Amino acid sequence: MTIHVLVPVHNRADFTRQFLQTLQEQDCDQLLHVVVIDDGSTDHTHQVVREFEVDLITGDGSWWWAGSIQRALTSIRGQIGASDFVYLGNNDTYLAVDHLTELLRVAKAGPSRVVGSVSNEIWPDGTVNPVSAGFLIDP
């Protein structure tokens, strides 16, 4: 089983680094396939993404979040297995170390589930605030 993590980004390279680091720290024993969709960043996001073993899709700045997700889903369509999961991430979130493991536990509790969770978003003032995230099951 693979968890395909799709992360649309536009600038905010430091947030992207932080998010990718929290993915590396997950206690999940499943294979993670991370796809960063950089929609036309003009900062050093591209260099930050290269620090990690992830796939990169680049856009021209017109895709926004939904268009980036659509392109990433299209790019992985042939790679998604029946037992795989797709996780839609935001680069301004900070995932607890057991975030993916807990989502998997709940998802496996019953068939055909869409599972959401709470992760933490770091706002510009440095405060940490809860936000929703989730898995899409049954690709």
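Residues numbered from 1 in each chain as written. Predicted model: local features only at pLDDT ≥ 70, side-chain atom pairs only at ≥ 80, totals over all residues. Heavy atoms only, no water.

## A few points about the side chain of D92
Mapping D92 onto the fold places it in the loop between β4 (85-88) and β5 (93-94). Take D92: its relative accessible area is 9%, and that puts it in the buried class. Among the polar contacts listed, one links the side chain of D92 to the side chain of R12, at a separation of 3.4 Å. (Helix = DSSP H or I, 4+ residues; strand = E, 2+ residues; numbered from the N terminus. Buried < 20%, exposed > 50% of the residue type's maximum accessible area, 1.4 Å probe, protein only. Polar contact = N/O pair within 3.5 Å; in protein donor to acceptor, adjacent residues only side chain to side chain.)

## Quick look at the pattern of salt bridges
When the charged atoms of two side chains with opposite charge come close together, those side chains can pair. Throughout the structure, instances matching the rule amount to four salt bridges. R12 is the salt-bridge partner of D92, the closest N and O atoms lying 3.4 Å from each other. In this pair, D92 sits in the loop between β4 and β5 while R12 sits in the loop between β1 (2-9) and α1 (13-24), placing the two residues 80 residues apart along the sequence. Across the pair R17 and D14 runs a salt bridge, and its minimum N-O distance is 3.5 Å. Of the two residues, R17 and D14 both sit in helix α1, three residues apart, roughly one turn of that helix. Residue R17 is classed as partly exposed on the basis of its relative accessible area, which comes to 23%. Residues participating in the shared-partner salt-bridge network are D14, R17 and E51. (Salt bridge = Lys/Arg side-chain N within 4 Å of Asp/Glu carboxyl O.)

## Considerations on the nonpolar core
Counting residues in each nonpolar core, the largest one holds 23 residues, and the members touching the most others are I3, V5, F19, L20, L23, V34 and Y87. Contributions of two or more residues to this core are made by β1, α1, β2 (31-39), α2 (45-50), β4 and α4 (99-107). In this structure, I37, W63, A72 and V86 belong to the second largest nonpolar core, which totals nine residues. (Core = buried A, V, L, I, M, F, W, Y, C linked by side-chain atoms within 4.5 Å.)

## Here we look at the environment of D29
Its place among the elements puts D29 in the loop between α1 and β2. Looking at D29, the relative accessible area reads 69%, which means it is exposed. Sequence separation of D29 and M1 is 28 residues, and the distance between their C-alpha atoms is 9.9 Å.

## Quick look at α1
Here α1 contains 12 residues, and its C-alpha end-to-end distance of 17 Å stays within 8% of the 16 Å for a straight helix at 1.5 Å per residue. Listing the buried residues of α1 in full gives A13, T16, F19, L20, T22 and L23. In this structure, the buried residues of α1 make contact with β1, β2, α2, β4, β5 and α4. (Expected span 1.5 Å × (residues − 1). Contact = heavy atoms within 4.5 Å.)

## Section: the side chain of T2
Mapped onto the elements, T2 comes out in strand β1. Excluding anything up to four places from it in sequence, T2 contacts L31, H33, D84 and F85.

## Some details on the pairing of β2
Within a regular strand, the side chains alternate between the two sheet faces. Counting buried positions along β2 yields seven of nine residues, so the element is predominantly enclosed. Inspection of the sheet shows β1 paired to β2 by eight bridges, in the parallel sense. What sits directly across from L6, in β2, is V35. Handedness of the crossover joining β1 and β2 through α1 is recorded here as right-handed. Looking at chain direction, β2 and strand β3 (residues 55-59) are connected through five bridges and run parallel. Pairing of V36 across the sheet is with L56, part of β3. In this fold, the crossover linking β2 to β3 by way of α2 has right-handed handedness. (Pairing = 2+ DSSP bridges. Right-handed = clockwise from strand over helix to strand, strands pointing away.)

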